[in-house]
Amino acid sequence: MATHKISFTVNGIRETAEVPSNMTLLTLLRERLAITGTKRGCDTGECGACTVLMNAEPVNSCLVLAVEIDGADIVTVEGLAQDGQLDPLQEAIIQHTGVQCGFCTPGILIAARALLDRNSKPSRREIKDALRGNLCRCTGYTRIIDAIQEAAEVGG
Amino acid sequence: MDAVSKSHVFPSPIGESVTRVDALEKVTGEAKFTDDLQFGAGLLYGRVVRSPHPHAIIKRVDVSRALALPGVRAAVTGEDSDDHIGLYLKDRYIFCRDRVRFVGDPVAGVIAVSESIADEACRLVEVEYEVLEPVLDPLQGVQERAPLLHPDLGEYVVADFIDPKPGTNIANHFKVRKGDVEAAWSKCDVIVECDFRVPHVQHVPLETHVAVARVDQTGKIILWSSSQSPFAQRNLIAEALNMSQSDIRVIAPYVGGGFGSKAGVSVEGTAVVMARKVPGHPVKMRLTREEEFYCAFVRQGLIARTKVGAKADGEILAMKTEYYWDAGAYTEYGVNITRASGYSSTGPYRIPNVHADSYCVYTNHPVGGPMRGFGMPEIHWGIEQIMDMVADELGMDKVAFRLKNCLRGGDKNVTGMTMHPIGLAECIEKASKAINWGEKALASAPHKRRGKGLAIMWKAPAMPPNAGSSAWVRFNEDATVSLGIGGQEIGQGSFTVATQMAAATLGVPLDWIQISAPVDTKYSPYEWQTVASRLTWSMGNAIVQAAQDARRQILDIVAAYWDEDPNDLDVKDGQVISFKSENTLPLKDMVVYGLPLPDDQGWHGGPIIGHGNFMPTYITSLDNETGQGQRAVVHYTTGCQAVDLEVDTENGQIHLLRVASAFDVGKAINPDQVRAQMEGGVVQGASTAILESLQLKDGVPQNPSFRDYRIATSVDIPDEIIPIIVEVPQDDGPWGARGVGEHPMVPTAPAIANAVAAALGVRILEMPLTPEKVFLAIQEKLGEA
Amino acid sequence: MNLPHPGLPSFDYIRAQTLEQVVSLLLKHPTDVRLFMGGTDIFVQMRDGLLEPKTLVDVKHLPGMTTIEFAPDVGLRLGAATSMNAVAQHQAVVENYPLLAEAANTVASYQLRNRATVGGNLCNASPAADTAPAILVLEASLIAFGPSGERSIPAEKFFLGPGESAFNQGELLTRIDIPLLPKGCHGRYLKLGRNAGGDLALVGVAVLGYPDETVDSGYRFRVALASIAPTPIRALKAEEILAGKSITDETLQQASDAAMDAAEPIDDVRASARYRKAMVRALTRRALSEVWAMLLEEN
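Residues numbered from 1 in each chain as written. Chains lettered and ligands numbered in written order. Predicted model: local features only at pLDDT ≥ 70, side-chain atom pairs only at ≥ 80, totals over all residues. Heavy atoms only, no water.

### A short note on the overall build of chain C
Right, so step 1: A tally of helices and strands in chain C yields 11 helices and 14 strands.
Right, so step 2: Compactness check: chain C gives a C-alpha radius of gyration of 19 Å against a globular reference of 19 Å for 299 residues, within 12% of the reference.
Right, so step 3: For chain C, the C-alpha atoms occupy an extent of roughly 60 × 50 × 30 Å along the three principal directions.
Right, so step 4: Evaluated residue by residue, chain C yields a buried proportion of 60% over its 299 residues.
Right, so step 5: Long-range pairs, those at least 24 residues apart, make up 61% of the contacts in chain C between residues at least 6 apart in sequence.
Right, so step 6: Entry remark: accessible area of chain C is about 11700 Å², with carbon and sulfur atoms responsible for 50%. (Helix = DSSP H or I, 4+ residues; strand = E, 2+ residues; numbered from the N terminus. Rg over C-alpha atoms; globule rule 2.2 N^0.38 Å. Buried < 20%, exposed > 50% of the residue type's maximum accessible area, 1.4 Å probe, protein only. Contact = heavy atoms within 4.5 Å. Areas by Shrake-Rupley, 256 points an atom, 1.4 Å probe, with all protein chains shown as cover.)

### Notes on the overall build of chain A
Right, so step 1: Broken down by element type, chain A carries five helices and five strands.
Right, so step 2: Each helix and strand of chain A, ordered N terminal to C terminal, gives the series β-β-α-β-β-β-α-α-α-α.
Right, so step 3: Against the compact-globule benchmark of 15 Å for 156 residues, chain A has a radius of gyration of 15 Å, which places it among compact chains.
Right, so step 4: Projected onto the principal axes, the alpha-carbon positions of chain A cover approximately 45 × 30 × 25 Å.
Right, so step 5: Going through the 156 residues of chain A one by one, you find that 68% of them count as buried.
Right, so step 6: Partitioning the contacts of chain A with sequence separation of at least 6, the portion at a separation of at least 24 is 51%.
Right, so step 7: Taken together, the 15 basic and 19 acidic charged side chains of chain A have centroids lying 5 Å from each other. (Lys, Arg positive; Asp, Glu negative; His and termini not counted. Charge placed at Lys NZ, Arg CZ, Asp CG, Glu CD.)

### So, the pattern of salt bridges
Right, so step 1: In the structure shown here, the tally under the stated rule is 85 salt bridges over all chains.
Right, so step 2: Here Arg534 of chain B makes a salt bridge to Glu527 of chain B, at a shortest N to O gap of 2.7 Å.
Right, so step 3: The partner of Arg194 of chain C in a salt bridge is Asp199 of chain C, with the nearest N and O atoms 2.8 Å apart.
Right, so step 4: Judged by relative accessible area, Asp199 of chain C falls into the buried class, the value being 3%. (Salt bridge = Lys/Arg side-chain N within 4 Å of Asp/Glu carboxyl O.)

### What to know about helix H10 (residues 249–262) of chain C
Residues and elements named next belong to chain C.
Right, so step 1: Under the 1.5 Å per step criterion, the end-to-end length of H10 is 20 Å for 14 residues, consistent within 8% with the ideal 20 Å.
Right, so step 2: Among the residues of H10, Thr251, Leu252, Ala255, Ser256, Ala258, Ala259 and Met260 are the ones counted as buried.
Right, so step 3: Check the buried side of H10 and you find it contacts strand E13 (219–226), helix H9 (236–244) and helix H11 (273–298). (Expected span 1.5 Å × (residues − 1).)

### A closer look at the sheet that holds strand E3 (residues 55–58) of chain C
Residues and elements named next belong to chain C.
Right, so step 1: The strand order across the open sheet formed by three strands is E1-E3-E2, and the pairing between neighbours is parallel. Edge strands, defined here as strands with exactly one partner in the open sheet, are strand E1 (12–15) and strand E2 (33–36). The average angle at which neighbouring strand axes cross in this sheet is 25°, direction not considered.
Right, so step 2: The pairing of E2 with E3 spans four bridges and is parallel. Note on E3: the bridge partner recorded for Val33 is Thr55.
Right, so step 3: Strands E1, E2 and E3 of the sheet are contacted by helix H1 (residues 19–28), whose axis makes an angle of about 145° with E2. (Pairing = 2+ DSSP bridges. Axes fitted to C-alpha atoms, helices over the stretch in contact; angles between N-to-C directions.)

### Some thoughts on the domain arrangement of chain C
All names here are of chain C.
Right, so step 1: As assigned here, chain C comprises domain 1 (12–58), domain 2 (68–179) and domain 3 (186–297).
Right, so step 2: Here the C-alpha centroids of domain 2 and domain 3 sit 20 Å apart.
Right, so step 3: Domain 2 puts 22 residues into the contact, and the matching count from domain 3 is 22 residues.
Right, so step 4: Applying the counting rule to domain 2 against domain 3 returns four salt bridges. (Domains from an automatic or database assignment.)

### Some details on the packing of aromatic side chains
Given two aromatic rings, their pairing is described by the distance between the two centres and the angle made by the two planes.
Right, so step 1: Here the structure, examined in full by the defined rule, presents 24 aromatic pairs over all chains.
Right, so step 2: Consider the rings of Tyr324 of chain B and Tyr359 of chain B, whose centres lie 5.2 Å apart with planes at 20°: the pair is stacked. Here Tyr324 of chain B is found in strand E14 (residues 316–328), whereas its partner Tyr359 of chain B is found in strand E15 (residues 353–362), with 35 residues between them in sequence. For the pair Tyr324 of chain B and Tyr359 of chain B, one class covers both residues: buried.
Right, so step 3: Linked through ring pairs, Tyr88, Phe161, Phe297, Tyr333 and Phe374 of chain B together constitute an aromatic cluster.
Right, so step 4: Directly above the aromatic system of Tyr110 of chain C lies the positively charged group of Arg118 of chain A, at a separation of 3.3 Å from the ring centroid.
Right, so step 5: For the cation-ring pair, Lys667 of chain B lies above Phe10 of chain B, with the distance from its terminal atom to the ring centre recorded as 3.8 Å. (Phe/Tyr/Trp six-rings, centres within 6.5 Å; stacked < 30°, edge-to-face > 60°. Lys NZ or Arg CZ within 6 Å of the ring centre and 35° of its normal.)

### A few points about the domain arrangement of chain A
Often, the extent of an interface is quoted as the loss of accessible area on bringing the components together.
Residue and element names in this part refer to chain A.
Right, so step 1: When cut into domains, chain A gives domain 1 (3–79) and domain 2 (88–153).
Right, so step 2: Taken over C-alpha atoms, the centre of domain 1 sits 21 Å from the centre of domain 2.
Right, so step 3: Each partner contributes residues to the interface: domain 1 has 14 residues there, and domain 2 has 12 residues.
Right, so step 4: Of the roughly 1000 Å² buried at the junction of domain 1 and domain 2 (both faces included), carbon and sulfur atoms supply 69%. (Buried area = accessible area lost by both parts, 1.4 Å probe.)

### Describing the packing of helix H7 (residues 230–241) of chain B against helix H8 (residues 268–275) of chain B
All names here are of chain B.
Right, so step 1: Their axes nearest at 11 Å, the elements H7 and H8 cross at an angle of 50°. With respect to each other, H7 and H8 are oriented oblique. As H7 packs across H8, the resulting crossing turns out to be right-handed. In contact with Gln233, Ile237 and Leu241 of H7, H8 contributes Glu268, Gly269 and Val272.
Right, so step 2: Of the residues contributing to the contact of H7 with H8, the split by class is three nonpolar, two polar and one charged. (Parallel < 35°, antiparallel > 145°, perpendicular 65-115°, else oblique. Left-handed = near helix turned anticlockwise from the far one by under 90°. Nonpolar A, V, L, I, M, F, W, Y, C, P; charged D, E, K, R; others polar.)

### A short note on the confidence of the model for chain C
Right, so step 1: Looking at chain C, pLDDT values average 97 and 100% of them are 70 or higher.
Right, so step 2: Confidence metrics for the complex model read pTM 0.97 and ipTM 0.98. (pLDDT = per-residue confidence, 0-100.)

### Some thoughts on the nonpolar core
Right, so step 1: Ranked by size, the top nonpolar core spans 272 residues in total, and within it Phe475, Ile554, Leu587, Met590, Leu645, Ile654 and Ile752 of chain B carry the most contacts.
Right, so step 2: Contact partners of Phe475 of chain B, with chain neighbours within four places excluded, come to Thr480, Val481, Leu506, Ala550, Ile554, Leu587, Val591, Val592 and Ile608 of chain B.
Right, so step 3: Counting residues in hydrophobic clusters, the runner-up holds 96 residues, among them Ala17 and Leu65 of chain A together with Ala101 and Ala166 of chain C. (Core = buried A, V, L, I, M, F, W, Y, C linked by side-chain atoms within 4.5 Å.)

### Some details on the packing of H10 of chain C against H11 of chain C
All names here are of chain C.
Right, so step 1: Here H10 crosses H11 at 140°, and the two axes come no closer than 8 Å. Note on packing geometry: the crossing formed by H10 with H11 is right-handed. Facing Asp249, Leu252, Gln253, Ala255, Ser256, Asp257, Ala259, Met260 and Asp261 of H10, the residues of H11 in contact are Lys277, Ala278, Val280, Arg281, Thr284, Arg285, Leu288, Ser289 and Trp292.
Right, so step 2: Residue composition of the contact of H10 with H11, by class: eight nonpolar, four polar and six charged.

### A few points about helix H4 (residues 115–122) of chain B
Residue and element names in this part refer to chain B.
Right, so step 1: With six of eight residues buried, H4 lies mostly within the body of the structure.
Right, so step 2: Those residues of H4 not exposed but buried are Glu115, Ile117, Ala118, Asp119, Ala121 and Cys122.
Right, so step 3: Contacts from the buried residues of H4 go to strand E1 (44–50), helix H3 (64–67), strand E3 (72–77), strand E5 (106–112) and strand E12 (282–286).

### Focus: the pairing of strand E10 (residues 172–179) of chain C
Residues and elements named next belong to chain C.
Right, so step 1: E10 sits mainly inside the fold: seven of its eight residues count as buried.
Right, so step 2: Taken together, the five bridges between strand E5 (residues 75–79) and E10 define a ladder with antiparallel strand orientation. For Gly79, the partnering residue across the bridge sits in E10 and is Arg175.

### Points about the interface of chain C and chain B
Right, so step 1: Contacts between chain C and chain B engage 28 residues on the former and 35 residues on the latter.
Right, so step 2: Between chain C and chain B, roughly 2600 Å² of surface is buried when both sides are summed, and carbon and sulfur atoms account for 52% of that area.
Right, so step 3: Remark: the boundary between chain C and chain B carries seven salt bridges.
Right, so step 4: Among the ionic pairs, Glu290 of chain B bridges to Arg47 of chain C, the shortest N-O distance being 2.9 Å.
Right, so step 5: Run the count over chain C and chain B and you get 17 residue pairs in polar contact (both at pLDDT 80 or more).
Right, so step 6: Contributing elements (two or more residues each) for the side of chain C that touches chain B: helix H2 (42–47) and H11 of chain C.
Right, so step 7: A total of six residues in the side of chain C that touches chain B trace back to one element, the largest contributor, which is H11 of chain C.
Right, so step 8: Considered class by class, the residues forming the side of chain C that touches chain B number 14 nonpolar, seven polar and seven charged. (Polar contact = N/O pair within 3.5 Å; in protein donor to acceptor, adjacent residues only side chain to side chain.)

### Considering the environment of Gly602 of chain B
Right, so step 1: For Gly602 of chain B, the location among the structural elements is in the loop between strand E24 (595–596) and strand E25 (603–604).
Right, so step 2: With near-sequence residues (within four places) excluded, Gly602 of chain B lies in contact with Pro596 and Leu597 of chain B.

Right under this line is the structure:
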């Protein structure tokens, strides 16, 4: 199988790698780079646990080939906090008790970050719509939506 | 603990909605789940060959072609583990030896240097089957001529409170014979008979099952697994492999959702058996999402034949129930679900005459196991609908009917146990009020129908009578505390309430306490399992005892140091203080190094370590014939959910407007977390009610993926969820607390069904209430009109 | 039982440099080479073992593949590899073809739509494809490039069967051309899923309506249906009814009945044929009512 040399950034840090054609971005992150915040939930783009930012847009990393990220900037949940300061979304989701088992949380934070970056004052309806690709089995979503609303209000 | 229930002053932070202690880790991606752990270059991967047939004899397994594939290190078959495994009934082999009993049953395993090579190699394993006629329905399974799925049932090791019927497919038959139902029918003014059906549903944790096992050169095992039950896994695997528990070590990181699917042993045994073939190498076994649907525990299916009779004034006189559980290929866990359901079969009602039979029936379906509620969601689906039907026949308001018949403290319940004080009536009143019960509400459009419904529930922890908890408390030099527990954090917030309880008892600030996680059977104190909503109560008692033990040691040492009476001392905010002399001493001055004796005589004290345990002592057995006994269970958590919804008659879609969820938790140690459990339970319950069923055709799952097994997303939730905490203290719970983790998903489905019936005048007896099913039911009713 | 692979099977990835290169690869290796753009369908099928290409050719970086151009006298030209989000959020689409944006926005999730492409959705040729009814009522043309150069395939001729499109050997989709719409056009895409959003379409209905003096009713409607036949279809009988007599509640009902009659759905794990047929009528009725209301408001 062919391999490919790629260079890219993850959370602002420049990386290079040589990857086989069939390696997904998710596997590259978790198993090659040991950046394990992003989770594997289904490998078919249905659950959203693998959501990362690719060039500032949220994608299911289980459906992106590693070779395709050559030249791209990737942001994972580990890249949300800056200089020890949590992202307002992270603060809000803690305060609203919007975390239970925590497995969906990284994907949700990334999807929410992307939402606020493109729409700084989303309605509740828009928040729900933006999250419909992130499954959560524990929380019932309400507190997560509340948290995103609050983060939007404080200008996050 | 007597004083606790009378006390209205709770020490901080009991009753406070403190921030979850694991939240920061989880929002930064720092929290480690089992697949996040790094194992280095020696890591191998295991994949499993699974039966494509629901029922077959294994004639031949040939792994030679698999072994020949480059990158393959070893292969295993049923020959490699010859003892049965199981929790309440040992009826299962880790790898099948002679027979397969469900689609997905493990037949062989291959260990290789990569997951894809292991997977490819599995496809090269040749298995020859002789296909047998399957049992696909419990009603078929109980017939005399039905294929016998476990001919050796009589030889299986079984817990003494389970009653299998060898020579049949009945793995457990639980009976209740109370009073005289036959005589009672004639005294009833209203009798309703109805059959209800519940399909298999799945837990669908976001994190699929994963286990990594490493066996060293001496045969000792380390198992890392996403597990609710590290000690039970150690125990069951030790028994199955004929090993000492001390030679198996289970390490359990955070769990990405369990809901019961990660209790007991499911896939972990396969990882261990494979790892034994490659000593020195960790072997990782993880389920794909599809395998999770095929092979992990499912919730049992149920056919419930129910008959209830009442007097004109609304008093329920008699109830007769027959449960036929579609329990699946192995019932090692399911037998107790069927028992618990039998002794809960009346629901939380006072009924003097009860006749119940709960049959746990083997079928060639996926393995039924514990799912949030442990039989309660399945049985309340029918119970709460038939109660509505009886109320309808009586022309009685459904809330009034329940208030008239619901159990209250002091009542004798179905097993003859006297109920402890419970707040069920208060839950009913508050939940119904929250949705303006009795007020007719208008639909939002001509093609919509609006309806309100409610359902009540009860559940006791279903566990062996001697399930125990233990805890230890240890100080560091700076007086921060390590809290050792064996209970798992699966999202329910156990680590947080454990921290709160330790802090309150010790008298130290909350953030001085750290849980010694991950739970590790080598270092952590024993905990039976993280199931049954038992940790806050059982593990909580152990924690309180451990903290009191430590506190007593501290006070004794400092009292001696001050030449005072320990009863005049207390610990507050990390300081020992004397009420009498007003002396103070920071804990950090003595929790490790002790204190000097007067006159340079030496030292007194030393490293403070406290321990505690808790095991209920008062559970009695139940009579085999009558199901009666003095104390069947430790306690009940009760509650009520009330639903206000609309149905779109053009397409059958249900829109949940408001769901009020009221539960009596005794004492909410962390009210916000309790509310969060109620919200999550409502959504999971609603999801199973409206969207979910594992569709099986000839024993083969037809929708084993997220594409076709839909679960509730952010756009499917009720407009408003109203969580209501009721507190009627539990006499032997820490500060009066009892559990609530499972309960909020129990009444949701019947509450929705009852609201739909109110909206449409149509009652649907089989879950789920899909839009199609609702639409076609409306059409049928219109057709009849 | 079909257990998917735990990851993607082996293959070689090639990033296409020119159209000619792609055509040549397709002709030389008709069964071993597969093109992909977003990958959201293809990767899933490969993991499921339904597709086993030896080579995957990434064509989304070819010139023009992600371009969206609107010319007020010509219409819209969508590169085949424009993502669903890019299409749905493009000003020219929102202003001139809101039906297409609406259809794209019903697909899956925001993050999936960043990778899934309109072109890929159409080439996959699932009868349930959400953008297909829109493409049919917009009377788009799918522009293929192949051994004989460029070829324009009208949307109504594009879908041949489940998973089967009208491409010849060696052809790939480069563009979707959507003509200008008649003045006063309004449209809706309604979709029924099992849950409230993000599902595959159990039934999908696209309706376009505009004033037309040349027909008896004064209005022309175009109605297309997804997920109820081997291909997405136009409900021509329904369209006839709506052109032939004045638009009343009864006309809308008759047209909806005709749409239902045009549907030949199957029973599958998602829904029964009976329910699907009834829902064709219900959704068509709803879509027609809403478009009619918009037309009335305009005039």
